[in-house]
Every structure is written in structure tokens, then in C-alpha cells.
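Fold and geometry: a report
Take a look at the letters that make up each chain.
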Amino acid sequence: MSANSSRQQAIQNIVNRSPMDVSPPEALGEIWAVDVFNLSRMEWALSKTAFKAIKKTVQTGAPLDAATADVVAAAMKEWAVSRGAKFFSHIFYPMTNITAEKHDGFIVTNSDGGAITEFTGSLLIKGEPDGSSFPNGSLRMTNAARGYTAWDPTSPAYIMQTDNGATLMIPSVFMSWTGEALDKKIPLLRSNAAMNEAGQKVLALMGETDIATLNSSCGAEQEYFLVDAYFANSRPDLLLAGRTLFGAPSAKGQEFDDHYFGAIPARVQVFMQDYEDQLYRLGIPAKTHHNEVAPGQFEIAPYFEAANVAADHQQLMMTLMKATAKKHGFMCLLHEKPFAGINGSGKHVNWSVGNSTQGNLLDPGSTPHENLLFLLFCGAVIRGVHLYGPLLRAVIATASNDHRLGANEAPPAILSVYLGDQLEKVFTDIKEGNIHSGELGGEMDLGLSQILKFERDPGDRNRTSPFAFTGNRFEFRAVGSSQSVSGPLVAMNTMLADSLNWIAGKLETALDGGASQADAVVGVLKELMSEHSNVVFGGDGYSAEWHRAAVEERGLKNIPTTADALPALREASVVELFSSTGVLSPVELESRFEVYAEQYVLSIEVEAKLVIDMAQTLIYPAATSYLEMLSSTAQNMSIMGVEMDDSIAKIVAGHINAMTATTAKLREALATEDFSSTEEHMQFCAKSIRPLMDEVRVAADALEGYVADELWPLPKYQEMLFIR
């Protein structure tokens, strides 16, 4: 079947698709966490002594002894087998944004030739995948390949159900034989420990005596696109790159603003409910779903969880989302910019810090000017963003997220903090040496008797801010939709730990000098704001004026591309930050730079090869066929004495020539190999290869507007975005 015939057939298949048979939804109480070996299930399955030990480990990070691990392993196996599992897997998260798993059977044979199931504490605690076959930044080589996975008891094991079986999944960390972290989970656990240690110091200095273990929490809003699988399978770029490398704008896009929070298409609603039932079975608290701004774009948001568990759940959500979409005849696109000209997708990471005794330490309460703990922790965040803004930009830097950052729907590549009017005034007053009460938001009264009055929030929302305070948490809006949340969480936890250590040192000096607690806090925060208030900005982050003022007047950095951002991981201040807090050694941090840089280069080079291939084998034949059709028609008309305007033929020929010439330049650029450094290679990709890809696209997309629809080989935007 020719490419254009395949496109037409895809449309027919979609239009004639029969509704999917669906089972009636199950009650939430009947399915919630039924496939999770959580604390409530362990309390039932374990002895009191074993349960007490594992509960302490889960809640405080206390060490777990080998004997208890044996007891837990036996109970976990019995539960998993009763749920139909024959295999188990240590699931882990390499330095890429993927999920990795190796499956082993519970089966062992005995001397009688029979088979039994076995699962010991040693099997639960340790697995051994190849450490050199994952991107590792030269930490492991083929001749030094040993790597280990190790059980993380703070994140619950669960059953992954498939159509013909089930597997026990054991959340794990991944390390080299020499002990370096090869994954995203170890740094996250370390960063949380560093933040807890620093936070405990501050709380103790503030007179708190009953201090539970501090933990960061995360609630990530996941945006995504759904495209019918018939269309997606006709687009090599969607299959291999996750985004459309070609595609003229649809006559109708998102300009009517009629999609955001609109009625969810019935077929999508069925997908969402099926997907969320699976999440509920796994104890993932999916709370909100809706249409997003762009056509074909949607969002799901889970409730807050402990950061480590939330990170694991986010990875699982992405895996299940893709699998469930496929079952419903969709392809789920998590690329940050799958379609040019309409909104891309992010993963807004809502982040807070607290414990069971002091509560949420980023909750200002009704009198933030009097809430000294809140002011200290919020001030610590402000200092961290100002000092380590380039680091925050680096941990969200990918080839795909570069398409989104700075566009109309996404925060700019300048890291600033939005506090809201009331809170910004409080910190401005502190900078001047005072704490005054701020005005609350006031009462919302519409003058309609049937509408109940309610308290308005003290601050507005600023969707142009990359790092915004939203009432009792900070929202890191610049994270990409396809990314793991672990990297951003590691950076935020670690910068907070550094700032809290700084605050603890300053507080201790002031208190030892005889200052009252309130005066000590004001003094520390005054110094903090004097040095770091330039990062606080409440205006329009998209405006050209802000871009100028941020750099020229406030000394902030505008970091537009991943090639510009990743070198921050090599800066001395960042190396010292991670080293001093024990989160990443210099060697581990350097390995991450190497892995992320390689991923960036490979992503762009794969896309460039696809551009060349699609331009030559799909678009060029269609365009020349149309040009031949125009020529033949003109010739036939001339024979009949009818002269035709040949302007369209000349325009088509011009675009064909432009596309062909630029494709040749792109092929030549891809052959370049003599780079003196990784940084130079990345900059070449950003400044040479990507612009050439864009040039090829300009000519190809122009051709789409002229070539006869029956000849065009690729599903068009208007089809992919609107046909459901």
C-alpha cells in the first residue's frame, strides 16, 4: 500500500471503528491498592515484631535486619503467588528517563524433579543486572560490568497485571560494583536524607523538641497527547522521535480556546477511566483529569505523596498510560512538543516539605508574617533558586523540552520565583528589617444571593513563572512531560538542604549572641533577602522587558538550550553542593553530565536522520508527482488551446528545490565528527543541525499546502488532532 493510500485507509478505519467493549467500573473501595503490598497488608501478613521493624524502616528510614527481610520476603511471595504471580522483578530507573526491569521466576526444582516456589530475603534484597549496558557516563565498562539492584523498602512492592499473568514488582536502587549510583532513586533518597538532617537543625534551633523525620512531597500534573494509532503508525517521526518533524498548521488549532476543560470525548473518557482503575489498583491516587489547552491534549494529576513513592508512581503512570492507550487504539505522546504551533506538554511538579509533627513547613497559615518556621523554609527556597537557578535549568534540560521552554504556554528559560502579592510584601518588609501583617485575599462576593461567599486566595496565580508559590507548596512548572520527576526533586531537595544548613549556622550565631528568636529570624532573613531578592519576580515572565531586565539588571541567566544548560553540572559551586550534602560525588555528577549530553546529541541526530529520510522518500516523491500532474495538465490544456497559469507549478518547484538543497546541507552536517569536547558537539547540534532541520521543514510544510490531498503521504494535523 502506498503512503498516501495508507493515510486514506487510516481515516476510513477510524471513521468506521466500532465502540470498544468496556466492563462496568468497579467501586473504588473494592479495587483501591488491591495489587500493592503496603503497610496495611504487611500488618496482616507479618508477625508483630517484623511489622514493627518494617514500619519503622518505611516511615523513618531506619535500617532493616536480614532476619526481618527473610520474613518479609516469605510473606511477600505468598501474597504475590496468591495474586497469580509466577515471576518477580527488581524494577529500577537508570539515568535515562526510562524504567528498567529484569524478571526472574519464583521456581526452583528439587531432587525429585518437581518444582516449588522460593523467595528468600537475599533474593528480595539484591539483584544483579549488567551495569555497563545502561548509559552510565563511563562508570562501568564492558570489561567491568557488574551492577546491583537493591530493594527499596520505603516504596511498596506491587503486582503488575497483564492479560495472561502477573509479576511481583520490587522497587529498587541500581548501583555499580564499586558503589556509585547508576540510577535516579539513590540520589533522590540521599537528597531527602540531606534535607531532613538540615531541616532538623533549623527546627531544633527554633525550639521544637518533638521532630519527626522530614520528607519532601510531590504531586505532578502530567500532560499528554492522544493520537489514533492508525495515524501514528503512518508517521515514522511519531514512531521513532515521538513528535512530528513535518506538518503544516491546521486551519483550526487552539485559537478558539474551546478545548481547555471542554467536554471530554467519549472514547477518551473510556480510556481515562480504564487507565485510572488500573492506577487505583496500584494505590496511585489519581485525582483530576481534563482536556488541556491544545486539541488532542489531556492532563491527569495525582494527589500528593512522599517524593520517593511519587517518583516511582510517576514512572509507573507513564508506562501504564502508553500501554492502556495502545489497548484503546491510541498512541500516547509524552513528547514535550509533538505538534508545532500549539501548546506542548509539561509535568508541573508541586513540591513541599514537612513531617508528622510540624506539618507542612511551606504552609503559611492565615498569618504568614507570624509563622517563623514557614518564613525560614520559604526563604531557604528563595536562596536556593537564586544560587542554583542554572542547576534547576539543567535538570529539566532535554532536546524535547527545548522546544517548549520559552514558548507561549511554558515558563521562560530564566529561573525566577513567584510568591504572590501578599507574600512578596512580607519578604520585602523583612528585607527592610520589619515584619508587618499582610492583607489576606478578602471575601469573594459576586452580589448573587445563590452563590455562596468564600475567601479569596491572598495571591493570584502566575502561569508565566517557572517556579511559583501556590498557597502551600512550590510548583516547578518547567519540567518536561516525558521526564522523571526524580531529577528536579533531587535538585530542589539538595538546594533546600544547603540553604537550611546556611540558615542554621546564621541562627545559631545570632541566638548564641543573645538575640531573641524573632530578632534572630528577622536578621537571618534580612541578610538572605538582601543577597537573593533579585530572583523574586511577580510580573509577566514572557515579556521581552523581563528577559532584558532579568539578565542586565538582576544578574539572572537566560539559558535557552540544553547545550547551554548541561555544563552547569560541571560548575564548581554545583559540584560542591552535591558533594557537601552527600547526594552525589563528583564522579557520579560527572557521569550524569556525560549521560545527559549523550542523550541530547543522540536525540537530535536521530531526528535529523529521520528528516532526511522522510523528506527524500515520502515528501519528495509526492511533491514531484504533483508537479508532474500539473505539467501534464498544462500540456494537455495547451493542446486544446487553453493557456494555464503556471505560477503554482513554479512555487512547488521552488519549494522542492529548497527542500532538496537544505536536506543535502543537513546530511553534510551530520557527517561532521571532529569535535574537541562534548560541549562543542552539543552546541553544534543546537546551532547547526537543528536550524537546518527547521529549514527543511519550512519547505516541506509549504509543499503540504500545495500538493493534492490525495497524494500527500503523511496524516495531517487537522486529522490527527481532531478525528476521534
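Here, every reference points to the structure presented above.
Note that this is a predicted model, so its numbers are computed, not measured. Each chain carries its own residue numbering, running from 1 in the written order of its sequence. Totals for whole chains, interfaces and linings use all residues, but because this is a predicted model, local features are given only for residues with pLDDT of at least 70 and pairs of side-chain atoms are given and counted only at 80 or more. With hydrogens and water stripped out, all remaining heavy atoms of the structure feed into the side-chain values.

1. Brief notes about the overall build of the chain
- Here a strand is any run of E in DSSP of at least two residues, a helix any run of H or I of at least four, and the numbering for each starts at the N terminus. Scanning the chain from N- to C-terminus turns up 22 helices and 21 strands.
- Here the globule rule is a power law, 2.2 Å times the number of residues to the power 0.38, and the radius of gyration is based on C-alpha atoms. At 28 Å, the chain has a C-alpha radius of gyration in line with the 27 Å of a compact globule built from 724 residues.
- Counting every position in the chain, which comprises 724 residues, the buried fraction comes to 52%.
- Note on contacts: a residue pair is in contact if any heavy atoms of the two residues lie within 4.5 Å. Long-range contacts, defined here as pairs at least 24 residues apart, represent 75% of the contacts in the chain between residues at least 6 apart.
- Total accessible area on the chain is roughly 31,100 Å²; 53% of this is exposed by carbon and sulfur atoms.
- The averaged location of the 87 negative side-chain charges in the chain is 3 Å from the averaged location of its 56 positive side-chain charges. Under the scheme applied here, a residue whose accessible area is under 20% of the maximum for its type counts as buried, over 50% as exposed, and between as partly exposed, the area being computed with a 1.4 Å probe on protein chains only. With residues, only the protein chains shown are counted as cover, and all accessible areas are computed by Shrake-Rupley using a 1.4 Å probe. Here the positive residues are Lys and Arg and the negative ones are Asp and Glu; neither His nor the chain ends is included. Here the site of a charge means atom NZ of a Lys, CZ of an Arg, CG of an Asp or CD of a Glu.

2. As for the pairing of strand E12 (residues 297–302)
- Extensive coverage of E12 is indicated by the burial of six of its six residues.
- Burial along E12 is two-sided: Gln-297, Glu-299 and Ala-301 and Phe-298, Ile-300 and Pro-302, pointing in opposite directions, are all buried.
- Paired strands, as defined in this entry, are two strands with at least two bridges between them according to DSSP. Pairing analysis gives four bridges linking strand E10 (residues 215–228) to E12, with the strands arranged antiparallel. Counted as the bridge partner of Gln-222 is Ile-300 from E12.
- Direction of pairing for strand E11 (residues 286–291) relative to E12: antiparallel, over a ladder of five bridges. Residue pairing for E12: His-289 is matched across the bridge by Ile-300.
- From the end of E11 to the start of E12, which pair antiparallel, there are five residues, and Gly-296 there has a positive phi angle of about 80°.

3. What about the pattern of salt bridges?
- Each reported salt bridge corresponds to a side-chain nitrogen of Lys or Arg within 4 Å of a carboxyl oxygen of Asp or Glu. Per the stated rule, a full pass over the model turns up 28 salt bridges.
- Between Glu-607 and Arg-690 there is a salt bridge; the shortest N-O distance is 3.8 Å. Residue Glu-607 is found in helix H19 (residues 586–639), and its partner Arg-690 is found in helix H21 (residues 678–704); the two are separated by 83 residues along the sequence.
- In this structure Glu-607 comes out as buried when scored by relative accessible area, which is 6%.
- Owing to a relative accessible area of 10%, Arg-690 belongs among the buried residues under this scheme.
- Through salt bridges with shared partners, one network takes in Glu-26, Asp-35, Arg-83 and Arg-281.

4. Re helix H11 (residues 307–327)
- Look at H11: 30 Å from first C-alpha to last across 21 residues, which is about the 30 Å you get at 1.5 Å a residue.
- Across the 21 residues of H11, 16 count as buried, placing the element largely inside the fold. To estimate how far a helix should reach, multiply one less than its number of residues by 1.5 Å.

5. Looking at the nonpolar core
- Among the buried residues, those of types Ala, Val, Leu, Ile, Met, Phe, Trp, Tyr and Cys that are joined through side-chain atoms within 4.5 Å form a nonpolar core. Phe-246, Leu-419, Phe-467, Phe-474, Phe-476 and Ile-689 are the most contacted members of the largest nonpolar core, which has 130 residues in total.
- Looking at this core, the element that brings in the most residues is H19, giving 16 residues.
- Non-local contacts of Leu-419, meaning those with residues more than four positions away in its chain, are made with Cys-378, Ile-382, Glu-424, Phe-427, Phe-469, Phe-474 and Val-536.
- One finds Ile-31, Tyr-93, Tyr-158 and Leu-282 within the second-largest nonpolar core, a separate group that totals 30 residues.

6. A word on unusual backbone geometry
- One non-glycine residue, Ala-33, lies in positive phi territory at about 55°.
- Classification of Ala-33 as buried rests on a relative accessible area of 4%.
- Of note in this structure, Phe-261 is not a glycine but carries a positive phi near 60°.
- For Phe-261, the location among the structural elements is in the loop between helix H9 (236–240) and helix H10 (266–281).

7. Quick word on the packing of aromatic side chains
- A pair of aromatic rings is counted whenever rings of Phe, Tyr or Trp (Trp by its six-membered ring) have centres within 6.5 Å, and the orientation is called stacked for planes under 30 degrees apart, edge-to-face for over 60 and tilted otherwise. As enumerated under the stated definition, the model contains 18 aromatic pairs in all.
- When the ring of Phe-271 is compared with that of Tyr-275, the centres are 5.8 Å apart and the planes differ by 5°; the resulting orientation is stacked. In this pair, Phe-271 and Tyr-275 are both assigned in helix H10, four residues apart and thus about one turn of the helix distant. Of the two residues, Phe-271 and Tyr-275, both sit in the buried class.
- Of the aromatic side chains, those joined through ring pairs into one cluster are Trp-351, Phe-374, Phe-467, Phe-469, Phe-474 and Phe-476.
- Arg-267 extends its terminal NZ or CZ atom over the ring of Phe-330, reaching a point 3.9 Å from the ring centre. Charge-over-ring contacts are defined here by two conditions on Lys NZ or Arg CZ: a distance within 6 Å of the ring centre and an angle within 35 degrees of the ring normal.

8. Examining the environment of Ala-193
- Checked against the element boundaries, Ala-193 lands in helix H7 (residues 185–205).
- Taking the relative accessible area as the measure of exposure, Ala-193 reaches 45% and is therefore partly exposed.
- Residues Ala-193 and Ser-216, 23 residues apart in the sequence, show an inter-C-alpha distance of 9.8 Å.

9. Some details on helix H4 (residues 48–60)
- Helix length check: H4, at 13 residues, gives a terminal C-alpha distance of 18 Å against a target of 18 Å (1.5 Å per residue), a fit within 8%.
- Along H4, the positions that sit buried rather than exposed are Ala-50, Phe-51, Ile-54 and Thr-57. Buried residues of H4, seen end-on, are gathered within an arc of 130° and therefore sit on one face of the element. Away from its buried face, by an angle of more than 90 degrees, H4 presents the exposed residues Lys-48, Thr-49, Lys-52 and Lys-56.
- For H4, the secondary structure elements touched by its buried residues are helix H3 (39–45), helix H5 (66–82) and strand E7 (147–151).
- Positioned one or two residues after H4, Gly-61 has a phi angle of 80°, which is positive. It is the directions from the helix axis to the C-beta atoms whose arc is reported.

10. Observations regarding the side chain of Gln-222
- For Gln-222, the location among the structural elements is in strand E10.
- For the purposes of these results, a polar contact is taken to be a pair of N or O atoms within 3.5 Å, where, inside protein, one atom must be able to donate a hydrogen and its partner to accept one; residues adjacent in sequence count only when each atom of the pair is a side-chain atom. A distance of 2.9 Å separates the side chain of Gln-222 from the backbone oxygen of Ser-481, its partner in a polar contact.
- Residues within four places of Gln-222 in sequence aside, it is in contact with Phe-298, Glu-299, Ile-300, Gln-314, Met-318, Met-321, Leu-334, Gly-346, Lys-347 and Ser-481.

11. Some thoughts on the side chain of Glu-221
- Secondary-structure assignment places Glu-221 in strand E10.
- In terms of polar contacts, Glu-221 uses its side chain to reach the side chain of Asn-350, at 2.9 Å.

12. A closer look at the environment of Gln-315
- Note on placement: Gln-315 falls in helix H11.
- For Gln-315, a relative accessible area of 4% gives the class buried.
- Measuring from C-alpha to C-alpha, the distance between Gln-315 and Ser-482 comes to 9.5 Å, with 167 residues separating the pair along the chain.
- Those residues in contact with Gln-315 that sit more than four places away from it in its chain are Tyr-93, Asn-97, Ile-98, Thr-99 and Ser-484.

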